[in-house]
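Here are the chains, one letter per residue:
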Amino acid sequence: MSLASVSQLESKLLVSTYDRQPVLFERGRGVYLWDAKGKKYLDFLSGIGVNALGHNHPAIQRVIRRQAARLIHVSNLFFHEYQAELARQLTEMSGLDRAFFCNSGTEAWEGALKLARAFAQANNRNEKKPKWRILAMENSFHGRTFGALATTGQKKYRAPFAPLMPGVQFARFNDVGNLEKKFDSSICAVCIEPIQGEGGIQPVTREFLECARRLTKKNGALLLLDEIQCGLGRTGRHFAYQHYDVLPDIVTVAKPLAAGLPLGAILTTERVAAAMHPGLHGTTFGGGPLACALAIAFLREEQRLLKHIGAMGEYFHAALKKLDQKHGSIQDVRGAGLMQALELDSADRAKAVLKRLLEEGIIINRTHDTVLRFLPPYIIQKKHVDQLVVALDRALGEEIETPRNARSKKAKDGM
Ligand SMILES: Cc1ncc(COP(=O)(O)O)c(C=O)c1O
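Described below are features of the structure shown in this document. Residue indices follow the written sequence of each chain, beginning from 1 at its first position. Local features are withheld for residues below a pLDDT of 70 in this predicted model, meaning they are given only at 70 or higher, and side-chain atom pairs are given and counted only at 80 or more; totals for whole chains, interfaces and linings count all residues. Processing note: side-chain calculations cover all non-hydrogen atoms of the structure and skip hydrogens and water entirely.

Turning to the sheet that holds strand S13 (residues 330-336), a few remarks are in order. Ordered in space as S13-S14-S17-S16, the four strands form an open sheet in which the pairing is antiparallel. Each edge of the open sheet carries a strand with a single partner, namely S13 and strand S16 (365-367). Recorded for the sheet is a direction-independent mean angle of 25 degrees between the axes of neighbouring strands. Here S16 pairs with strand S17 (residues 371-374) via three bridges, running antiparallel. Looking at S17, one finds that Thr-367 is bridged to Val-371. Across the sheet, helix H11 (residues 289-326) touches S13, strand S14 (339-344) and S17, and the angle it forms with S13 is around 175 degrees. Any two residues whose heavy atoms approach within 4.5 Å are treated as being in contact. Interaxial angles span 0 to 180 degrees and are taken between N-to-C directions of axes, which are lines fitted to C-alpha atoms, for helices over the stretch in contact. Each helix is a run of H or I in the DSSP string that is no shorter than four residues. Each strand is a run of E no shorter than two, and both are numbered from the N terminus. Where helix H12 (residues 347-360) meets the sheet, it contacts S14, S16 and S17, and its direction lies at approximately 165 degrees from that of S16. Think of it this way: DSSP has to see at least two bridges between two strands before they count as a pair.

Written as structure tokens, this is what we have:
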């Protein structure tokens, strides 16, 4: 099928939720993808952080072949051999005690909110002083289901679906004074992405995260960290919070966990997990044998790649900083490990650079209008960073076509 026929059919048949780039991908290997015309692309987005081992990784292929021939799905009413082992590895890596497996990021976050409410109900002995409110962050993103949306601090995602889950308030991200002002004893959970992803790659400050930990601990509230985008090796540590001296009560992960298959997880402490009992929460698909076997294989590779991610992240960040010195259109360079971003001076320029790179066969993404986001696979090498940086340098040096200058160009050309 051609791109034209697929896109025509989709425009008639799908609910319109995506503004897709005009590319029909057919296959991938390592850091590269190929489209239906055979054009090769360097992947600096990795399925928004999912394909962290690149495409068609041999270890992942082996597990898929082996496990597909043995057992793909079994209900959570029964045991299989991989959930406990995966939970063992994730709890050891995170410093937490227990895991719950689900199918996506938003579902992990939704479960984390439920867990926080259940914990508060089970532990709040003063009925006259209810403790069920949630303090989330402005500019955050936690997913598309109702609870996740209710805690997402960006109006554009929330407004069309109001009214959302009640009891959520927002504090200004990285503003300690505002956090202290908004926090009180009715709060059962404080929600933070250690690096806000959809919010434009904004890392939390040490002072802010430590303050959130201090306030929650002192008041019997929970600290919930969303590491769906920044966790599982992306920043050069297993978890982004491991760059700080803070241990959360609950952390959520998803994207790269099963190397391309849907799998999310909630990790928590013994004390918080005690608020759950059989029947209170669950899922049909979550934590199936194929996805869990793949996650075990992913974690083995992630462990091996951590140092490499750190080194490549430093190399990449330094190269972006050099571009910053050369191009006035760059407003900021942010990120950690292989989660990096360039903030540009306008949405039009960011759009133009993304388009230019796609024409050249490099996939990146734009978030928060003006931010170019880079989430390459953990297996990238210096030569791939160099290729991207040369292309960015060229694209940032070009005059951008905005609706206004396109009109004046037409007028000048006498059209
Ligand atoms: C920080 C964060 N939380 C939650 C989600 C939602 O994950 P999913 O799209 O798997 O539901 C995302 C997705 O981008 C995310 O970046």
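Once that is clear, we can look at the pairing of strand S2 (residues 32-35). Pairing geometry for strand S1 (residues 25-29) and S2, over four bridges, is antiparallel. Within the sheet, the bridge partner assigned to Arg-27 lies in S2 and is Trp-34. Connecting the antiparallel pair S1 and S2 is a turn made up of two residues, with Gly-30 showing a positive phi of about 60 degrees. As defined by bridge partners, S2 adjoins strand S3 (residues 40-43) across three bridges and the pair is classed as antiparallel. Bridging from a neighbouring strand, Trp-34 pairs with Lys-40 of S3.

Here the focus is the site of the ligand. Around the ligand, the neighbouring residues are Ser-104, Gly-105, Thr-106, Phe-141, His-142, Gly-143, Glu-193, Glu-198, Asp-226, Ile-228, Gln-229 and Lys-255. Any pair of N or O atoms that falls within 3.5 Å is considered a polar contact. Within protein, one atom must be able to donate a hydrogen and the other to accept it, and sequence-neighbouring residues count only if both atoms are side-chain atoms. Backbone polar atom of Thr-106 to an oxygen atom of the ligand: 2.8 Å apart, as the coordinates give it. Side-chain polar atom of Asp-226 to a nitrogen atom of the ligand: 2.7 Å apart, as the coordinates give it. Accessibility throughout is a Shrake-Rupley quantity obtained with a 1.4 Å probe, and a residue counts as covered only by protein chains that appear here. For the ligand, whose unbound accessible area comes to 390 Å², protein coverage reaches 82%. Near is defined per residue: the residue qualifies when any heavy atom it owns lies within 4 Å of the molecule or strand.

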